[in-house]
Number of protein chains: 2
Amino acid sequence: MPERIGRYTVVLNNRPTVQGHAAVVGKREGEGPLGRYFDAVFEDTTMGKKTWEQAESALQKEALTRALNRAGLAASEINHLFCGDLLNQCTASAFGLREFGIPMYGQYGACSTMAQTLAMASVFVDSGAADLCAAVTSSHFCAAERQFRLPLEYGGQRPPSAQWTATASGAAIVGMGGSGVKIAAVCGGRMMDMGITDANNMGAAMAPAAADTLLHFWQDTNSAPEDYDLVVTGDLSQVGSDLLQQLLGREGVTLGSRHADCGLLLYDRKRQDVHSGGSGCGCSAAVLCGYLLGKLERREMKSILFVATGALMSPTTSQQGESIPGIAHLLHLVAE
Amino acid sequence: MPERIGRYTVVLNNRPTVQGHAAVVGKREGEGPLGRYFDAVFEDTTMGKKTWEQAESALQKEALTRALNRAGLAASEINHLFCGDLLNQCTASAFGLREFGIPMYGQYGACSTMAQTLAMASVFVDSGAADLCAAVTSSHFCAAERQFRLPLEYGGQRPPSAQWTATASGAAIVGMGGSGVKIAAVCGGRMMDMGITDANNMGAAMAPAAADTLLHFWQDTNSAPEDYDLVVTGDLSQVGSDLLQQLLGREGVTLGSRHADCGLLLYDRKRQDVHSGGSGCGCSAAVLCGYLLGKLERREMKSILFVATGALMSPTTSQQGESIPGIAHLLHLVAE
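Scope of this entry: the structure provided in the associated data block. None of these values were measured; they are calculated from a predicted model. (Residues numbered from 1 in each chain as written. Chains lettered and ligands numbered in written order. Predicted model: local features only at pLDDT ≥ 70, side-chain atom pairs only at ≥ 80, totals over all residues. Heavy atoms only, no water.)

**Considerations on the packing of helix α2 (residues 52-71) of chain B against helix α5 (residues 141-148) of chain B**
All names here are of chain B. Two elements in contact, α2 and α5, have axes whose closest approach is 8 Å; the angle formed by their N-to-C orientations is 135°. For the element pair α2 / α5, the angle class is oblique. Like other packed secondary-structure pairs, α2 and α5 cross with a definite hand, here left-handed. Note on element contacts: α5 touches α2 through C142, A143 and R146, opposite W52, E53 and E56. When grouped by side-chain class, the residues that make up the contact of α2 with α5 number three nonpolar, no polar and three charged. (Axes fitted to C-alpha atoms, helices over the stretch in contact; angles between N-to-C directions. Helix = DSSP H or I, 4+ residues; strand = E, 2+ residues; numbered from the N terminus. Parallel < 35°, antiparallel > 145°, perpendicular 65-115°, else oblique. Left-handed = near helix turned anticlockwise from the far one by under 90°. Contact = heavy atoms within 4.5 Å. Nonpolar A, V, L, I, M, F, W, Y, C, P; charged D, E, K, R; others polar.)

**Remarks on the packing of aromatic side chains**
For the coordinates displayed, the defined rule picks out 12 aromatic pairs over all chains. Seen from their ring centres, A:F141 and A:W164 are 3.7 Å apart, and the 5° between their planes marks the pair as stacked. Of this pair, A:F141 sits in helix α5 (residues 141-148) while A:W164 sits in strand β8 (residues 164-165), and the two are 23 residues apart along the sequence. A residue is classified by how much of its surface remains accessible, and A:W164, at 13% relative accessible area, is buried. Measuring from ring centre to ring centre gives 4.8 Å for B:Y37 and B:Y291, while their planes differ by 65°; the resulting arrangement is edge-to-face. Here the residue B:Y37 occupies a position in the loop between α1 (27-30) and β4 (40-42), and B:Y291 occupies one in helix α9 (residues 281-297), the gap between them amounting to 254 residues. Put simply, the rings of A:F82, A:Y105 and A:F124 touch in pairs and so form one group of aromatic residues. Positioned above the aromatic ring of A:W164 is the side chain of A:R28, whose terminal nitrogen or guanidinium carbon lies 3.8 Å from the ring centre. (Phe/Tyr/Trp six-rings, centres within 6.5 Å; stacked < 30°, edge-to-face > 60°. Buried < 20%, exposed > 50% of the residue type's maximum accessible area, 1.4 Å probe, protein only. Lys NZ or Arg CZ within 6 Å of the ring centre and 35° of its normal.)

**Structural notes on the relation of the copies chain B and chain A**
One copy of the chain maps onto the other through a rotation about an axis plus a displacement along that axis. With an RMSD of 0.0 Å, the fit of chain B onto chain A corresponds to turning through 180° and sliding 0.0 Å along the axis. Accordingly, the operation relating the two chain copies is best matched by a two-fold axis. A shared interface surface links the copies, since 100% of the contact residues of chain B are contact residues in chain A too. (Least-squares fit on C-alpha atoms with pLDDT ≥ 70 in both.)

**Side note on the pairing of strand β14 (residues 303-311) of chain B**
Residue and element names in this part refer to chain B. For β14, the tally of buried residues reaches nine of nine residues, placing the bulk of the element in the interior. In β14, alternate side chains face the same way, and those of S303, L305, V307, T309 and A311 on one face and I304, F306, A308 and G310 on the other are all buried. Where strand β11 (residues 230-234) lies against β14, five bridges are found, and the strand directions are parallel. From the neighbouring strand, G234 faces β14, where its bridge partner is A308. Bridge analysis of β14 against strand β15 (residues 326-334) gives nine bridges, and the strand direction is antiparallel. Bridge assignment links L305 to a residue of β15, and that residue is H332. (Pairing = 2+ DSSP bridges.)

**Quick word on the interface of chain B and chain A**
Opposite the 67 residues of chain B that make contact, chain A presents 67 residues. A combined buried area of about 5300 Å² lies between chain B and chain A, and 57% of that area is made up of carbon and sulfur atoms. Across the contact surface, chain B and chain A share six salt bridges. At the boundary of chain B and chain A, one finds 38 residue pairs in polar contact (both at pLDDT 80 or more). For the side of chain B that touches chain A, the leading source of residues is helix α4 (residues 113-127) of chain B, giving six residues. Looking at the side of chain B that touches chain A residue by residue, the classes come out as 33 nonpolar, 24 polar and 10 charged. (Buried area = accessible area lost by both parts, 1.4 Å probe. Salt bridge = Lys/Arg side-chain N within 4 Å of Asp/Glu carboxyl O. Polar contact = N/O pair within 3.5 Å; in protein donor to acceptor, adjacent residues only side chain to side chain.)

**Looking at helix α2 (residues 52-71) of chain A**
Residues and elements named next belong to chain A. When the terminal C-alpha atoms of α2 are compared, their 29 Å separation across 20 residues agrees well with the 28 Å that a helix rising 1.5 Å per residue should span. For α2, every residue scored as buried is listed here: E53, Q54, A55, E56, S57, A58, L59, Q60, A63, L64, A67 and L68. Note on α2: the residue one or two positions beyond its end, G72, has a positive phi of about 70°. (Expected span 1.5 Å × (residues − 1).)

Shown next, in the form of structure tokens:
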């Protein structure tokens, strides 16, 4: 049974299990430090499709298919599908997953969507509203660039604070029982807007939200960073990670080396030209579903906080001079 | 406690209550048959803002503020906010509601979003994951036209099957107890794609999803149309409503006059130039939060099925030749 603790945190007393998970990525992500952890690396990021948008849909289909296989389940056994992406009207999810025939609730949390879909899935399973749920998200560099920034053909320069949208998809199946990673609690974030207007500096827009959600969770649960093996944000990258440490430092909290960020884990910034690091829904999805869940399953870590972050803007709001609200949703994941 | 019945339906055994609700609309909606039921009619649909997108955000802010007031609650008492809209990256919700400071999970179900946000809110409350949740959505004719179709200045012709995007927002507060309307069950829909490619014929794209969800719900709950005072879809309008009756007829189900559609209730098609009827997230949101909930509260009806429908396309997918998947989410609402 889910139980509300404080204003923000929901403790999942039945501790639903991640019964299957998969991450599929593009060439660049496969060449990064985590390459060997992914279920599939696609050298051709068109996925054999005519458009980048269709390629992103194909990534989601691959991720969900592999996660279902790893869980030993058929699509017809899943009660609810929670999915989302960065494309307009969440179409990577709709067109990638329509053929599975699973009742679907589209989710939008920008790059925080993997945490959000898993939060929904685990509350539904923990409460008895569902026996099995799936959580899926994705991003694709080429689809995101032309939608949010400039057509690739323009060859625009990117400032050092810019992040590289990951070409990747992650999927997880949540149910009761089994030997997988348990979801112990979720903490939903509120929008934080510190007036950042630079769409090439998402890390700065999202760091205050990550700090806000973490501080609320520690307060609600009367815990501290030391109680967890790792606090992994996604995807603040370098600029945002530095800011997060500063913001928490002001509150007397030192994260230090206990902190990692999916945007920094996914790429080797010295070797790969990704500027501040990775971003996109697929970034934290692939790092979670490909790397972190496996580390927990192998008991290399026992208890982590996964805090996916999102920037809730659109090109239209940026052109209209709006600032960029950030959001961060947290999952407490444990290996029992 | 939520309880899964069949594959699709979740019975909410604690029957959460709609403790407050509000609908705010634009001039045309105020001039329609339901005008007197709305909490506010804004003659100036710019809402005094510089852009249509900001005007839509202002509608959401108005709706949530009024729903909170009617529930006698402060924003700080709400645990989770479920919200969404049709604009790219759900920005009407993000920018309209960021100042409320409520932990937020963005939802995307196209025009089915009011049912989806209320489904999430009621599962969270019924399960104990939250004491109080808010559900909000909106649409704005002018913002939707330039995003999905053509700039208003172009003055494009619309075929008779086209629908008119409502300028409207609805908000509802869900909690346990109180004298309001109870949410007895929710039924999530799967995507149905019958190959419709005409973005000016959303009713045809969505009708199969409405039929699919209704048939699953009646099967899961072993009930029939006669067990409900009204089956109200939103927003199939005339073309989609006729198709729904045909599709259900093939399965031996006759809805007849027990059926109503939010897209047909909101406007007077003879007097108002809305072609097939209304659409947009705000259409079913305003009809539910302004009209239907009130009829239930006054005991003019005792038990209805509210089936909001959505078309999960974007201009990009239409330009790329994709068909339009439809979806429909159902709420069983009762006056006790």
